[in-house]
Amino acid sequence: MALATVKPTSIDTAIAREVAAYTNPGIEQAAQALTWGADEHVVVALSIAAWLYAQGTRSSYRPFANHLLTVSLVTAVLPHLLKSVFDQTRPDRLTIRGHQHGVPLSGKSQDAFPSGHAMHMGAIASAAGLLPRGARRLVRGAAVGLSLTRIALLAHWASDVLAGFALGAAVERLLRRRKLTATRARDSQGHD
């Protein structure tokens, strides 16, 4: 049993009701396929692949790849820790109508808060600030879209997705700030 129980807001329940009423098996199957792009296993594997590629080249993306790997590993662990503190019933466990329209069951029934998928995407969207403008927009758009699949699948309440996305962005910013501080300290020691 977790230390705290999180209740969905009235907006959460209204959004979930609308999704349950207006979805269909095609939408749900598409959302299920897309949501894999935000899964921790996929995110970490892609981050490792990007890191390995960047290490093997003299790419200007090497610092970004290093940072992305760190952020991906931290956001792979953090949701599990938070879900041991917070209990919240997933919306897919509270709908019959949604299941009639193709909504599948997702994860553990009490692990709605926060959305781990959205946390990964929030961190990646935030880290995209280090990329050139075009790539940054593409990455951020994909991150938001992949996060929204969690609502479409009724795997999470809208507030779970918003909280996860914000937490991911905050983690990325904290890690970036910490790294910049450490780099500046190391540089200042080298110039004395």
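All of these numbers come straight from a predicted model, not from anything done at the bench.

Thresholds, definitions, all that
- Residues numbered from 1 in each chain as written.
- Predicted model: local features only at pLDDT ≥ 70, side-chain atom pairs only at ≥ 80, totals over all residues.
- Heavy atoms only, no water.
- Axes fitted to C-alpha atoms, helices over the stretch in contact; angles between N-to-C directions.
- Helix = DSSP H or I, 4+ residues; strand = E, 2+ residues; numbered from the N terminus.
- Parallel < 35°, antiparallel > 145°, perpendicular 65-115°, else oblique.
- Contact = heavy atoms within 4.5 Å.
- Nonpolar A, V, L, I, M, F, W, Y, C, P; charged D, E, K, R; others polar.
- Buried < 20%, exposed > 50% of the residue type's maximum accessible area, 1.4 Å probe, protein only.
- Polar contact = N/O pair within 3.5 Å; in protein donor to acceptor, adjacent residues only side chain to side chain.
- Core = buried A, V, L, I, M, F, W, Y, C linked by side-chain atoms within 4.5 Å.
- pLDDT = per-residue confidence, 0-100.

## Quick word on the packing of helix H6 (residues 116-127) against helix H7 (residues 133-152)
Geometrically, a packed helix pair is captured by the angle between its two axes and the distance between the axes.
Thought 1: Axis separation between H6 and H7 bottoms out at 9 Å; the angle between their running directions is 170°. Considering the angle they form, H6 stands roughly antiparallel to H7. Counted together, His117, Ala118, Met121, Ile124, Ala125 and Ser126 of H6 and Val139, Arg140, Ala143, Leu146, Ser147 and Arg150 of H7 form the full contact between these two elements.
Thought 2: When the residues that make up the contact of H6 with H7 are grouped by side-chain class, the tally is seven nonpolar, three polar and two charged.

## Some words on the side chain of Arg176
Thought 1: Take Arg176: it is sitting in helix H8 (residues 158-190).
Thought 2: Under the relative-accessibility criterion, Arg176 is labelled buried at 16%.
Thought 3: Within the structure, the side chain of Arg176 is placed 2.9 Å from the backbone oxygen of Ser126, a separation counted as a polar contact.
Thought 4: Those residues within four positions of Arg176 in sequence are excluded, and the remaining contacts are His67, Ser126, Ala127 and Leu130.

## Looking at the nonpolar core
Thought 1: Residues Ala38, Val43, Phe64, Leu68, Met121, Ile124, Ala125, Ala127, Ala128, Leu131, Ala143 and Leu146 constitute the largest nonpolar core, which totals twelve residues.
Thought 2: Residue assignment for this core shows that the elements contributing at least two residues are helix H4 (62-85), H6 and H7.

## Observations concerning the confidence of the model for the protein chain
Thought 1: Residue-level pLDDT values for the protein chain average 86, and 83% of them are 70 or greater.
Thought 2: For the protein chain, per-element mean pLDDT is lowest for helix H5 (residues 97-100), which scores 56, and highest for H6, which scores 96.

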